[in-house]
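In case you want the letters, here they are:
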Amino acid sequence: MSRAELRFSELFRADLFRTATFRLTLAFVVAIIAAMALQFGLVYGQMNGYEQQRSTDLLQREADQLLQESPAQLEYEVRERSKTDLRVILNGAALFDMNRNRIAGDIKKWPVGLEVSPRTQRLWDAPPGDTPYEMRYLAVEVEGAQGNRDRILVLARSLHMANELRYITKRAALMSVVPIVVFALMAGIFLSHRALGRVKDMHEAIDRIMDGDLHERLPTGRERDDIERLAVSVNRMLDRLEHLLDEIRDVGNDIAHDLRTPLARVKARLERVSSITNDPAALQGAIERATLDLEQCFSVITALLRIGEIENGRRRAGFAMLDLRELLAGVVDLYEPIAETEGILLEVVDSDKAVPLFGDMDLLNEVLANLVDNAIKFTPAPGTVRLSAGLGADGSSWLRVSDTGIGIAEEERKAVMGRFYRSDKSRHVPGSGLGLSLVSAILRLHGASVDIVSARPGHTLPGAVFTIHFAPATPV
């Protein structure tokens with residue numbers, strides 16, 4: 001194995017234990033161990049409680065049976081342990097007098113701390129040289145030979161069964177932890193290795209993308225897990241970025257094309273006029289024409305900056321409630337003299353009630369001004385440009401500009417909203433091709449959409465109808 005391969009293998013193993021899958025497996029192992037400890041605690045508590053209650057019931061049952069015997073028979077049974085229950089169930093039985101002296105039985109002396117009571121008591125016995133152990137005692141008064149209650153019956157039962165069950169449970173829990181943890185770790189290593197292999201393929205694809213291969217995409221498969229969904233989302237993002245980069249490249253080419261012509265004219269005129277030294281009129285004319293060409297360049301740059309500013313959403317501070325009818329009235333007052341000069345009838349279809357909208361008055365004026373200006377430019381005289389606004393059934397507002405001009409071909413209706421697009425019908429009209437791009441940017445800022453259709457399909461002059469649909473007027 002080469003040094004590079006060895007280095008990669010070491011890094012791969014190091015990354016293996018840092019993957020989210022492996023860390024999740026470790027967390028799952030800890031959760032398993034905690035669950036097993038909790039289960040052991042619950043089982044131990046239940047067994048311990050059950051055995052203690054069982055010992056109490058057995059002692060009290062045996063005491064009740066022995067109390068029914070005669071004093072002589074009781075003494076005999078305690079001394080000889082004649083009954084099976086006394087031999088099997090009880091670990092000790094004895095009779096004591098009231099001075100705690102043993103009369104009969106296998107409990108040699110009075111247990112330390114034992115009191116005469118109908119309730120069972122838990123005490124610890126500590127035999128010499130042996131490990132202390134827990135016992136459960138019951139001490140009750142019984143009749144003696146004289147018919148008086150001058151004797152004490154002491155019964156004892158060991159809790160060794162509970163200790164044995166506790167030991168078995170603990171041992172089983174400890175023995176089961178090791179294989180469960182090993183299995184979980186092996187599963188975690190396998191899943192992490194598999195996930196890391198997919199991540200490695202993605203890293204290699206990303207490296208190729210960073211090296212300039214913008215057509216490269218992250219590998220995807222049939223699995224519908226988080227990594228797969230992430231890869232699909234990143235691929236969609238890369239598609240979008242590639243599309244935007246293509247647009248930027250196209251815009252750069254369009255800017256260079258649109259600026260090259262006026263700048264070339266400026267250069268040619270200045271070179272031509274530089275040879276003229278005694279003609280002030282020619283010099284002044286060249287300067288004026290160069291100024292107009294430069295103003296055209298500046299208008300393109302200004303429009304691009306305006307579009308960028310609007311697309312970045314920096315103008316939302318100017319949003320307020322407004323009435324679209326006032327917007328229409330202002331634009332008609334501005335463009336009516338221009339329309340009359342061109343032989344165009346500019347009219348407004350007035351709404352009988354307010355058309356509210358939450359937006360920027362200045363930007364919407366710019367939208368309407370661009371649409372009306374284009375409608376006048378591309379409508380031969382005599383023609384009509386009609387403006388209208390209204391409310392939809394759901395409370396949304398709409399704005400419409402229609403004309404009787406040359407119209408827009410159906411296959412160009414989407415393209416005209418892009419930057420620098422000029423259709424064949426409009427190349428004879430001065431302009432930069434950025435007006436409708438500015439309109440599109442402003443409408444996106446307002447969350448609005450625009451539809452373009454023909455006003456008179458099949459007609460020599462089909463005209464165009466721009467309908468803008470706004471969302472319901474709700475202040476943000």
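See the structure above.
Please read these numbers as outputs of a predicted model, since none were measured by experiment. (Residues numbered from 1 in each chain as written. Predicted model: local features only at pLDDT ≥ 70, side-chain atom pairs only at ≥ 80, totals over all residues. Heavy atoms only, no water.)

### Structural notes on the sheet that holds strand β10 (residues 397–403)
Note the threshold: For two strands to pair, DSSP has to find at least two bridges joining them. Only DSSP runs of H or I with at least four residues qualify as helices, and only runs of E with at least two residues qualify as strands; both kinds are numbered from the N terminus onward. Axis geometry follows a simple rule: fit a line to the C-alpha atoms, using only the stretch in contact for helices, then measure angles between N-to-C directions, giving values from 0 to 180 degrees. Whether two residues are in contact is decided by their heavy atoms, any of which lying within 4.5 Å being enough.
The strand order β7-β9-β10-β12-β11 describes an open sheet built from 5 strands, whose pairing is mixed. In the strand order of this sheet, the two ends are held by β7 (344–349) and β11 (449–453), each with one partner. Ignoring strand direction, the axes of neighbouring strands in this sheet form an average angle of 15°. Where β7 and strand β9 (residues 383–391) come together, 6 bridges link them in parallel fashion. By the bridge assignment for β9, Leu 346 is matched with Val 385. The strands that helix α9 (residues 361–377) touches are β7, β9, β10 and β12 (465–469); relative to β10, the one it contacts most, it runs at about 20°.

### A short note on the pattern of salt bridges
What counts here: What counts as a salt bridge is simple: a side-chain nitrogen of Lys or Arg found within 4 Å of a carboxyl oxygen of Asp or Glu. Any residue under 20% of the maximum accessible area for its type is buried, any over 50% is exposed, and the rest in between are partly exposed; the area is computed with a 1.4 Å probe on protein chains only.
This structure, assessed with the given rule, holds 10 salt bridges. Glu 216 serves as the salt-bridge partner of Arg 208, at 3.2 Å between the closest nitrogen and oxygen. Here Glu 347 makes a salt bridge to Arg 386, at a shortest N to O gap of 2.5 Å. Placement of Glu 347 in strand β7 and of Arg 386 in strand β9 is noted, with a sequence separation of 39 residues between them. Taking relative accessible area as the criterion, Glu 347 reaches 25% and is therefore assigned partly exposed. Arg 386 gets classed as partly exposed once you look at its relative accessible area, which sits at 35%. Salt bridges here are not isolated pairs; linked through shared partners, they connect Glu 75, Arg 79 and Arg 151.

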